[in-house]
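Spelled out, the chains give:
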Amino acid sequence: MKTLSRQQFLSYTASAGAAMLLSSLEGFATGGPAKKIRVAIIGCGSVSNRYIPHLQGSSQVEIVALCDIRRERAVKHLETYNLGKMPVYGSVDELLAGVPFDMMVTLTDMQVHGELNKKALLAGRHVWSEKPMANTYAEGKALYDLAGSKGLKIWGAPAVVNSPQFEFMAGLVRDGKLGRIASAHGQYGHTGPGWSGFFYEKGGGSMPDLGVYNMATLTGLLGPARAVMAMTSIVNPERTVDDKGKIKVEAEDNAHILLEHDKGVISHIMCGFNYFDPHGHEAGAQSLHSIQVFGDQGNMRLVGYDWESNGVYLDNSWTEPPVLHVKDSKGYQWQEGATKVAGALATGVSPRINALHALHVLEIIEAARASSDTGRKIQLESSFPWPMITVTNKQA
């Protein structure tokens, strides 16, 4: 993973990022009404049922094609979402050779994200990819470089940095409301998806499916991680899933990850597919403090999940009880990433979501596995623009 020094990496990515931004602004700053971005969706499984309605709600997006290896699922979506008689394709090659479009939204099994995203970039399309954007950091970095060389953009989920709760917490860190920060914790788990085997096969796992959210949130709040130590395991060696019946579990279904940040800050993440949680994917009534950050003058605790939060408790008084802030998510939804970056392409305004941040999280996942395998602390090379929130927080 150590192919560039940190200084070389930051210098390279800063210049590449500037070039990509300039290209975007030149391409979309027309002086007229915002451009409509033509979107094609590949992967018409469960996640697409959240993405499609959100994309349809944007005046800057036009869905022009659907694609799925099970073509009948894409055909069914035409009726479900009133998409008319738009083209439906059964492979990425058919899709890229078909109706013209600007951005591909990748919602397939995670093991094929890298190859699909590469094909889209080579064909001159921007990409929004569900997590992860690739299966290794090297593959993801190659995609980022490829996009830059062609004047294109690629982004990867999750979109947790868009939430008003994240913005509030990042503002507290920026303004020193917690004093000197020492430690943070993130957790996310449930008893595991039962509808597909890819979560448990090689290239899947609880880290790229679940831990990725906390990794994005904690690095977004505390800054890039410099090193990783981790332990991972397989608690349940067999699973029964809808599409394949009984399968052998090959990827970690239990993980604990320690991240070393600058200034002595250490964060911890736990994630897995064996965590009983009656809320599961329904976060409305969730009261778990899934993200906690501690300093010597205060602490903050995110109520609910970082992908769908119910507020932030701030505790920074010796005499007063903690106060719950930002209960209103102000329209934020976890599936909004593709819609937001399409809007950014339409207007030329850079979104808060950053491809380098997604790459950093991908390197953390890979390093965590290497640490677990070797028992060693793994140094990281990647970074991303930080802090992500620069405006002083006025709410606390």
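Every value quoted in this text rests on a predicted model; they were computed, and no experiment measured them.

What counts, and where the lines are drawn
- Residues numbered from 1 in each chain as written.
- Predicted model: local features only at pLDDT ≥ 70, side-chain atom pairs only at ≥ 80, totals over all residues.
- Heavy atoms only, no water.
- Core = buried A, V, L, I, M, F, W, Y, C linked by side-chain atoms within 4.5 Å.
- Buried < 20%, exposed > 50% of the residue type's maximum accessible area, 1.4 Å probe, protein only.
- Helix = DSSP H or I, 4+ residues; strand = E, 2+ residues; numbered from the N terminus.
- Contact = heavy atoms within 4.5 Å.
- Pairing = 2+ DSSP bridges.
- Disulfide = S-S within 2.5 Å.

Caption draft 1: Summary view of the nonpolar core. Ranked by internal contacts, the top residues of the largest apolar core, which has 117 residues, are Leu66, Met103, Trp128 and Ile257. Looking at this core, the element that brings in the most residues is helix H10 (residues 355-374), giving 10 residues. Apart from the residues lying within four places of it in its own chain, the contact partners of tryptophan 128 are Tyr51, Met103, Met104, Val105, Thr106, Trp155, Gly156, Ala157, Gly337, Ala338, Val341 and Ile353.

Caption draft 2: View of the sheet that holds strand E13 (residues 291-295). The strand order E16-E15-E14-E13-E7-E12-E11-E8-E17 describes an open sheet built from nine strands, whose pairing is mixed. Each edge of the open sheet carries a strand with a single partner, namely strand E16 (323-325) and strand E17 (378-379). Of the strand pairs in this sheet, E13 and strand E14 (residues 299-305) are connected by four bridges, and their pairing is antiparallel. Looking at the pairing, phenylalanine 294 lines up with asparagine 299 of E14.

Caption draft 3: Looking closely at the state of the cysteines. Tallying each qualifying case throughout the model produces zero disulfides. Free cysteine: cysteine 44, not disulfide-bonded; nearest cysteine sulfur from cysteine 67 at 7.4 Å.

Caption draft 4: Structural detail: unusual backbone geometry. Here the bond from lysine 131 into proline 132 is cis, since omega is -15°, no more than 30 degrees from zero. Inspection of the secondary structure assignment puts proline 132 in the loop between strand E5 (126-129) and helix H6 (137-149). With omega at 5°, the peptide bond leading from tryptophan 386 into proline 387 counts as cis. Mapped onto the secondary structure, proline 387 falls in the segment after E17. For lysine 330, which is not a glycine, the phi torsion comes out positive at approximately 55°. With respect to the helices, strands and loops of the structure, lysine 330 is situated in the loop between E16 and helix H9 (337-347).

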